[in-house]
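Listed below are the residues making up each chain.
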Amino acid sequence: MRLIKCILTANDCYKAGRTITPKGVMVHSTGANNPAVARYVQPVDTQADAASLYTVLGTNRNKNDWNNPGLDVCVHAFVGKLADGGVGSVQTLPWNHRGWHAGTGTSGGSANNTHIAFEICEDGLADAAYFGKVYQEAVELTAMLCKQYNLNPLADGVVICHSEGYQRGVASNHADVMHWFPKHGKNMDTFRQDVSKAMGGAPQVKPQAPATPTGKTYTVAKGDTLSGIAAQYGTTVDTLVELNGIQNPNLIVVGQVLKLPGAAGFEPYTVKVSVTELRIRSGPGTDTDSKGFIAPGVYTIVEEADGPGAKRWGKLKSGAGWISLDYAEKL
């Protein structure tokens, strides 16, 4: 990995000065045919190392880089071409700075509060050589960050792309990077595996789309629809929506791994809530956003997870969010 530092000190996000405790890494891509990091990253002319940074990064004569006030976006790094034609990573915010990269998701939460983010500079999306270089650079950058913050890249929700963030309700509706990676035989599952290998872990391969129903998972392929997958596996769209926390049934992306009924041996069950003010959370843990309170009654749990602040958390079938199972009686 080739890492250069050029903090965007003139960007309003940097000036806001808010920090986070990083819990993951979100991968973005720029959505424009310009692989040069200089398009987005330039030093402030008055800083001591400006001349050397221009030499490494190259110059943006249009002055439309992100090191300017008045922008509502900023990430922690860019991966792309440098002035010498090689590929590298440029850090643009302190890693624990709260970036402006994900927007607000359908859950009302935002990965801005939890994830370090970087942009991969896109080209025309067809150059396999360029893709291979920036993909590997992104893998190594993510591995470095996971090591630094003791993150497991294979754990649920730790390393995600923007489109996966949207599916989880913590990012705006963008397709990156799943409009690009599959063109070169990659997806976010392979990316997470490669990050794990770069950290010294053994390769782990997730199941691919099975030819016949297995009752476990299904990996979305080109042309798939949720209704078609439901019909193939003898289930319903509503069941898949509830089981996978899908916000928009009309939006699934190539490479997305869907749980099928009975996945991983988990069967939905009902619980009785008796407390009058049990808080609903956007995710499993007291450190996630509040979504209000649940009324006493009987509810269906479609997923369980560990989380801080409670021994176990359960995801509500209604899609309203997660509740602490410490305060729910299993029926």
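Thresholds applied
- Residues numbered from 1 in each chain as written.
- Predicted model: local features only at pLDDT ≥ 70, side-chain atom pairs only at ≥ 80, totals over all residues.
- Heavy atoms only, no water.
- Helix = DSSP H or I, 4+ residues; strand = E, 2+ residues; numbered from the N terminus.
- Buried < 20%, exposed > 50% of the residue type's maximum accessible area, 1.4 Å probe, protein only.
- Contact = heavy atoms within 4.5 Å.
- Expected span 1.5 Å × (residues − 1).
- Polar contact = N/O pair within 3.5 Å; in protein donor to acceptor, adjacent residues only side chain to side chain.
- Phe/Tyr/Trp six-rings, centres within 6.5 Å; stacked < 30°, edge-to-face > 60°.
- Lys NZ or Arg CZ within 6 Å of the ring centre and 35° of its normal.

*Asks:* Would you mind showing me how to read the side chain of Gln167 here?
*Replies:* Structurally, the position occupied by Gln167 is in helix H4 (residues 162-167). Classification of Gln167 by relative accessible area gives buried; the value is 10%.

*Asks:* Explanation requested: the environment of Thr106 in the structure shown.
*Replies:* Its place among the elements puts Thr106 in the loop between strand E4 (87-91) and strand E5 (115-120). Under the relative-accessibility criterion, Thr106 is labelled partly exposed at 44%. Not counting residues up to four positions away in its chain, the partners in contact with Thr106 are Tyr166, Gly169 and Gln247.

*Asks:* For this particular structure, what's the right way to read helix H3 (residues 128-148)?
*Replies:* Note on helix geometry: an α-helix contains 3.6 residues per turn, so any two residues three or four positions apart are oriented the same way. For H3, built from 21 residues, the straight-helix expectation of 30 Å at 1.5 Å per residue is met to within 8% by its first-to-last C-alpha distance of 30 Å. For H3, the complete set of buried residues consists of Tyr130, Phe131, Val134, Tyr135, Glu137, Ala138, Val139, Leu141, Thr142, Ala143, Leu145 and Cys146. Here the buried face of H3 lies against strand E2 (24-29), strand E3 (77-81), E4, E5, strand E6 (159-161) and helix H5 (188-198). A side-chain oxygen of the first residue of H3 lies 3.0 Å from the backbone nitrogen of Ala129; this N-cap is Asp127. A positive phi of about 55° marks Asn150, the residue just after H3.

*Asks:* I'm lost on the side chain of Asp194 in this one. Help?
*Replies:* Along the polypeptide, Asp194 turns up in helix H5. Discounting chain neighbours no more than four positions away, the residues touching Asp194 are Tyr135, Val139 and Lys186.

*Asks:* Quick question: what am I supposed to make of unusual backbone geometry here?
*Replies:* Glycine aside, a negative phi is what most residues show, and trans is what most peptide bonds show. Along the chain, Asp176 connects to Val177 via a cis peptide bond; the corresponding omega equals 10°. Tracing the backbone shows Val177 in the loop between H4 and H5. Although it is not a glycine, Lys63 adopts a positive phi angle of roughly 60°. The backbone of Leu125 shows a phi angle near 75°, a positive value even though the residue is not glycine. Inspection of the secondary structure assignment puts Leu125 in the loop between E5 and H3.

*Asks:* Explain the packing of aromatic side chains to me, please; I cannot follow it from the model alone.
*Replies:* Two numbers describe a pair of aromatic rings. These are the distance of the centres and the angle of the planes. What the rule picks out here adds up to nine aromatic pairs. With centroids separated by 5.4 Å and ring planes inclined at 80°, the aromatic side chains of Phe131 and Phe181 adopt a geometry described as edge-to-face. A residue pair is termed long-range when its members are at least 10 positions apart, and Phe131 in helix H3 and Phe181 in the loop between H4 and H5 qualify at 50 residues. Judged by its relative accessible area of 0%, Phe181 is buried. Three or more aromatic residues joined by ring pairs form one cluster here, namely Phe131, Tyr135, Trp180, Phe181 and Phe191. Of note, Lys330 hangs over the ring of Tyr269, and the distance from its end group to the ring centre comes to 4.3 Å.

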